[in-house]
Amino acid sequence: MNGPGIDYQAVFHALPGAVALLTGDLVYADANEAFLSMAGRTREQVVGRYLFDVFPDNPLDPDATGMRNLYASLQRVAATGERDTMALQRYDVEDPDRPGVWQERYWSPVNVPVLAPDGTVALLLHRVEEVTELIKARGGRPEGDHGRVLEAELYTRGRELQEVNERLRKAHAREREVALHLQQAMLPVPRSLVHHRAAVRYRPAVGALNVCGDWYDLVDMPEAGRTAVAVGDVVGHGLRAAGVMGQLRSALSAASRVAAGPAQALEVLGLYARSVEGAESTTAFSVFIDWNDRILTYSSAGHVPPALCHPDGTVVFLDQATDPPLGARPEHAPRPQAQAAFTDGCVLVLYTDGLIERRGEDIDTGLARLAASLTRHRAADPDALGDALLVDLIPPAGLTDDTALIVLRL
């Protein structure tokens, strides 16, 4: 029941209340004593068995929806990695001592993801509180009208809340689909380029839509023997930041095709950014790769420095041409640029700050973590290296900031 770096069992049995752990296939991995006692089942009757084989719907109730609702909730948690609090549920349970006799039961369930170190959902934690006595309360009058009204009202409100939540989930799903198409349009997978192998990765912050203000771009110019590569980060998250990102990415991509170098390309971008609302304080980094002379020429507008890893494992950060972010200066001024030599087999990694920055931690710690991971995995191909960097650098709780990443084998 344990995954790499996580002792699920120790954490699980320290939790209060009635809780059970389920695999992604909805098989019980464990259940605490409170859960077993409340359900009237032994450990052998639960652990290792499929959830709905243990607790099916009441076949005598044609309107039963407990199984369907619980299944939908658990699938949402597995798909999104987000907690789901369910509305009040009627979910009858078969009497363990009298087969075929069903007990009317009411529950308040909460389903929570248990994340693996790589941020994927490893297990599902199902916490449940029984509220049958509350629902059946009669206010001191066993057969009074008040009790019947209370029961009907609580149950009806619970069902209405669930229906409202379902409509909200569908609306969110539509918004997420729009966001996904927007991201794919703005950040397409790069085509095969003449001189190099490259991989890109994009990860939104935990709880964010699938779009943000981070971008990457690769412009191949084989006739000139060079490639322009860029990353940028617009302040903010969500669709508005993504809209600004799309404008700036397109402008820099166009400027890179005609500029003499990266500094000039960023100068053009900076002038353009003054006319784009929301572009203030955007950071960007541009590097021109000269394949004939084996030279990297680069310029930074307040962006975190890319890493150049040599075949022997030495890592150098490209931090010798740093200037303020876009729109930070009241007057236009030329931007600096610097150069660095590379050899065959070097790896160049460009990224946004979500990959290395952590709250309460010095940025040098994050840079050192990146350098160590890059050195360790430097022999891998770009796709495998990109995945390895994300595994090493993304914290177990997930990213708190959006992240874009480009890996190039030079």
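The structure under discussion appears in the preceding block.
Below is a summary of the structure that appears in this document.

Quick notes on the rules
- Residues numbered from 1 in each chain as written.
- Predicted model: local features only at pLDDT ≥ 70, side-chain atom pairs only at ≥ 80, totals over all residues.
- Heavy atoms only, no water.
- Helix = DSSP H or I, 4+ residues; strand = E, 2+ residues; numbered from the N terminus.
- Expected span 1.5 Å × (residues − 1).
- Buried < 20%, exposed > 50% of the residue type's maximum accessible area, 1.4 Å probe, protein only.
- Arc of directions from axis to C-beta.
- Pairing = 2+ DSSP bridges.
- Axes fitted to C-alpha atoms, helices over the stretch in contact; angles between N-to-C directions.
- Contact = heavy atoms within 4.5 Å.
- Phe/Tyr/Trp six-rings, centres within 6.5 Å; stacked < 30°, edge-to-face > 60°.
- Polar contact = N/O pair within 3.5 Å; in protein donor to acceptor, adjacent residues only side chain to side chain.
- Salt bridge = Lys/Arg side-chain N within 4 Å of Asp/Glu carboxyl O.
- Parallel < 35°, antiparallel > 145°, perpendicular 65-115°, else oblique.
- Left-handed = near helix turned anticlockwise from the far one by under 90°.

This brings us to helix α5 (residues 66-80). Taking 1.5 Å as the rise per residue, α5 with 15 residues should run 21 Å; its terminal C-alpha atoms sit 21 Å apart, in good agreement. Here α5 has its buried residues at G66, N69, L70, S73, L74 and V77. End-on view of α5: buried residues confined to an arc of 130°, all on one side of the axis. Relative to its buried face, α5 has exposed residues pointing more than 90 degrees away, namely R68 and A79. Count one or two residues on from α5 and you reach G81, which has phi positive near 70°.

Attention now goes to the sheet that holds strand β19 (residues 403-409). The sheet built from five strands is open, its strands ordered β9-β19-β18-β14-β15 with antiparallel pairing. In this open sheet, the two strands that pair with only one neighbour each are β9 (197-203) and β15 (315-317). Ignoring strand direction, the axes of neighbouring strands in this sheet form an average angle of 15°. Pairing between strand β14 (residues 307-309) and β15: three bridges, direction antiparallel. For A307, the partnering residue across the bridge sits in β15 and is F317. Set on the sheet, helix α10 (residues 363-376) makes contact with β14, β15 and β18 (347-351); between it and β15 the angle comes to about 140°. Here helix α11 (residues 382-393) sits on the sheet and contacts β9, β18 and β19; the angle it forms with β9, its principal contact strand, is near 30°.

Below, the discussion takes up the packing of aromatic side chains. On inspection of all chains with the given rule, the structure shows seven aromatic pairs. For the pair F52 and Y71, a centre-to-centre distance of 6.3 Å together with 55° between the ring planes defines the contact as tilted. Pair noted here: F52 is in helix α4 (residues 51-54) and Y71 is in helix α5, with a separation of 19 residues, a long-range link. You can call F52 buried: its relative accessible area is 7%. Residue Y71 is classed as partly exposed on the basis of its relative accessible area, which comes to 39%. Taken together, the ring pairs in this structure connect Y28, F35 and F55 into an aromatic cluster.

A few words on the side chain of D84. Assignment of secondary structure puts D84 in strand β3 (residues 84-85). At 2.5 Å, the side chain of D84 forms a polar contact with the side chain of S73. Separated by 3.2 Å, the side chains of D84 and R76 make a polar contact. Here D84 is in contact with S73, R76, V77, V110, N111 and R169, once residues within four sequence places are set aside.

Let us now look at the environment of Y91. Looking at the secondary structure, you find Y91 in the loop between β4 (89-90) and β5 (93-94). Under the relative-accessibility criterion, Y91 is labelled buried at 8%. Between the C-alpha atom of Y91 and that of N69, which follows or precedes it by 22 residues, the distance is 9.9 Å. With residues up to four places along the chain from it excluded, the contact list for Y91 reads F52, F55, P56, D57, G66, M67, L70, R105 and W107.

Any two side chains of opposite charge can pair, on the condition that their charged atoms come close. This model, assessed by the stated rule, comprises 14 salt bridges. Between E361 and R369 there is a salt bridge, with its nearest N and O atoms 2.7 Å apart. Taking the relative accessible area as the measure of exposure, E361 reaches 29% and is therefore partly exposed. We classify R369 as partly exposed; its relative accessible area is 27%. As a salt-bridge pair, R376 and D392 come within 2.9 Å of each other at their nearest N and O atoms. Of this pair, R376 sits in helix α10 while D392 is found in helix α11, placing the two residues 16 residues apart along the sequence. Residue class for R376 comes out exposed when judged on its relative accessible area of 53%. One continuous salt-bridge network, built from bridges that share partners, spans D30, E33 and R43.

This part takes up the pairing of strand β1 (residues 18-22). Within β1, five of the five residues are buried, which leaves it mostly tucked inside the rest of the structure. Residues of β1 alternate between two faces, with A18, A20 and L22 on one and V19 and L21 on the opposite face, all of them buried. Bridge count between β1 and strand β8 (residues 121-130): five bridges; the pairing is antiparallel. Directly across from L21, in β8, lies its bridge partner L125. In this sheet, strand β2 (residues 28-31) lies alongside β1 in antiparallel orientation, the contact comprising three bridges. If you follow L22 over to β2, its bridge partner there is Y28.

This part covers the packing of α10 against α11. Contact pair α10 / α11: the axes reach a minimum separation of 10 Å and the direction vectors enclose 140°. Regarding the angle of α10 to α11, the classification is oblique. In terms of crossing hand, the pair formed by α10 and α11 is right-handed. Seen from α10, the contacting residues are R369, L370, S373, L374 and R376; seen from α11, they are L385, A388, L389, D392 and L393.

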